[in-house]
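# Analysis of the macromolecular model
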2 protein chains.
Amino acid sequence: MTSSPLEPQLAARLKRDPQGLVPAVVQDATSRAVLMLGWMDDEALHRTLETGRSTFWSRSRQEYWVKGETSGHTQTVREVRLDCDGDTLLLLVDQVGPACHTGATTCFDDDRLR
Amino acid sequence: MTSSPLEPQLAARLKRDPQGLVPAVVQDATSRAVLMLGWMDDEALHRTLETGRSTFWSRSRQEYWVKGETSGHTQTVREVRLDCDGDTLLLLVDQVGPACHTGATTCFDDDRLR
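In this text the structure is predicted, and so the values were computed from the model without any measurement.

Now for the layout of surface pockets. The computed volume of the largest pocket comes to approximately 810 Å³. Lining the largest pocket are 40 residues, with A:Asp85, B:Met36, B:Ser58, B:Arg61 and B:Trp65 sitting closest to its centre. When residues of the lining of the largest pocket are traced back to their parent elements, those giving at least two are β1 (22-28) of chain A together with β2 (34-40), β3 (55-58) and β4 (63-66) of chain B. Grouping the constituent residues of the lining of the largest pocket by class yields 18 nonpolar, 11 polar and 11 charged.

Okay, here's the thing in structure tokens:
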């Protein structure tokens, strides 16, 4: 993770976890389905706001990734919202194709606990 | 956080952060609005599954809390889903009253970044 050109007033409002990250919930703007959850540091949020493409920090690979960059299943970001505590983001997106790497429509389709 | 009676097969599938937590996205089962995000350890998930009331771990207060216990703005849990990676939960709930402690319908109502 690098120092970021994220707007300082916004950066000051973000409450990050000990790894410098906030969770970003991604919701389909049309179907309203919750598609997935990714993680953002300041730079990932900056890139998302600037480009309108969902950009996350991969905790496992320790690198930035743009949703759909390899699969073509892109997310065009319509809205980005910060919650009341400043520690969670909500993205409303136009999703191309399935959101999940398994091919499912959402990452929550297959495993119901209750 | 305590050792939990969460079903071992389920516990084995959970991928927790270094604090032993997973994020739980809460969505209104009727309006499909994303209401809030809370954090669960194994015990909070166990209590949620057993009681059907959203129960979280407060990172700031370091204690369990049942949504609506003081405000009356309860969440009755219709579904709990685990994502493809085993590291995020999605709850579909029937929300009584506003979900946010500010009185807003959701915790994402007031702060649009894009």
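And the narrative resumes.
It is worth spelling out the UniProt feature "binding site: Zn(2+)" (unreviewed entry) in chain A at this point. Per the UniProt record, the feature "binding site: Zn(2+)" (unreviewed entry) sits at A:Cys84, A:Cys100 and A:Cys107. Considering the C-alpha atoms alone, the annotated residues occupy 24 residues of sequence and remain spread out, their largest mutual distance being 28.0 Å. Checking the annotated residues one by one, the ones that line the largest pocket turn out to be A:Cys84. Taking the relative accessible area as the measure of exposure, A:Cys100 reaches 4% and is therefore buried. Discounting residues that sit within four places of it in the chain, A:Cys100 has contacts with A:Thr105, A:Thr106, A:Cys107 and B:Cys84. You can see A:Cys107 is positioned in the segment after β6 (89-95).

By convention here, two paired aromatic rings are described through the distance between centres and the angle between planes. Residue and element names in this part refer to chain A. Evaluation of the coordinates by the stated rule reveals 5 aromatic pairs over all chains. Between Phe-56 and Trp-65, the aromatic rings sit 5.1 Å apart at their centres with planes inclined by 40°, giving tilted as the arrangement. What makes Trp-65 partly exposed here is its relative accessible area of 24%. It is Arg-47 that lies over the ring of Tyr-64; its NZ or CZ is 4.3 Å from the centre.

All names here are of chain A. Within β6, 6 of the 7 residues are buried, leaving the element largely enclosed by the surrounding structure. Strand direction decides the pairing type here: β1 and β6, joined by 5 bridges, are parallel. Bridge pairing links Ala-24 to Leu-89 in β6. With 7 bridges connecting them, strand β5 (residues 75-82) and β6 associate as antiparallel partners. Opposite Arg-81, over in β6, you have Leu-90 as the bridge partner. The antiparallel hairpin formed by β5 and β6 contains 6 residues in its connecting segment, where Gly-86 sits at a positive phi of about 75°.

All names here are of chain A. With mixed pairing, 4 strands are arranged side by side in an open sheet as β2-β1-β6-β5. Each edge of the sheet is formed by a strand with only one pairing partner; in this case those strands are β2 (34-40) and β5. Averaged over all pairs of adjacent strands, the angle between strand axes in this sheet comes to 25°, irrespective of strand direction. Note that β1 and β2 share 6 bridges and pair antiparallel. Residue Val-25 lies in a different strand from β2, and its bridge partner there is Leu-37.

Under the feature "binding site: Mg(2+)" (unreviewed entry), the UniProt entry names A:Asp83, A:Asp85 and A:Asp87. Within the annotated group just given, the residues that line the largest pocket are A:Asp83, A:Asp85 and A:Asp87. Inspection of the secondary structure assignment puts A:Asp83 in the loop between β5 and β6. Residue A:Asp83 is classed as buried on the basis of its relative accessible area, which comes to 7%. Excluding its chain neighbours within four sequence positions, the residues that come into contact with A:Asp83 are A:Thr88, B:Cys107 and B:Phe108. Separated by 2.9 Å, the side chain of A:Asp83 and the backbone nitrogen of A:Gly86 make a polar contact. On the secondary structure map, A:Asp85 appears in the loop between β5 and β6. On the basis of relative accessible area, A:Asp85 is assigned to the partly exposed category, the value being 35%. When neighbours within four sequence positions are excluded, A:Asp85 is seen to be in contact with A:Lys15 and B:His101.

What counts as what
Residues numbered from 1 in each chain as written. Chains lettered and ligands numbered in written order. Predicted model: local features only at pLDDT ≥ 70, side-chain atom pairs only at ≥ 80, totals over all residues. Heavy atoms only, no water. 1 Å grid on protein atoms, 1.4 Å probe; cavity = no way out; pocket = protein on both sides within 12 Å on 5 of 7 lines; lining within 4 Å. Points joined across faces, edges and corners; volume = space filled by probe spheres on them. Helix = DSSP H or I, 4+ residues; strand = E, 2+ residues; numbered from the N terminus. Nonpolar A, V, L, I, M, F, W, Y, C, P; charged D, E, K, R; others polar. UniProt positions renumbered as here; feature names shortened; annotations may be inferred. Buried < 20%, exposed > 50% of the residue type's maximum accessible area, 1.4 Å probe, protein only. Contact = heavy atoms within 4.5 Å. Phe/Tyr/Trp six-rings, centres within 6.5 Å; stacked < 30°, edge-to-face > 60°. Lys NZ or Arg CZ within 6 Å of the ring centre and 35° of its normal. Pairing = 2+ DSSP bridges. Axes fitted to C-alpha atoms, helices over the stretch in contact; angles between N-to-C directions. Polar contact = N/O pair within 3.5 Å; in protein donor to acceptor, adjacent residues only side chain to side chain.

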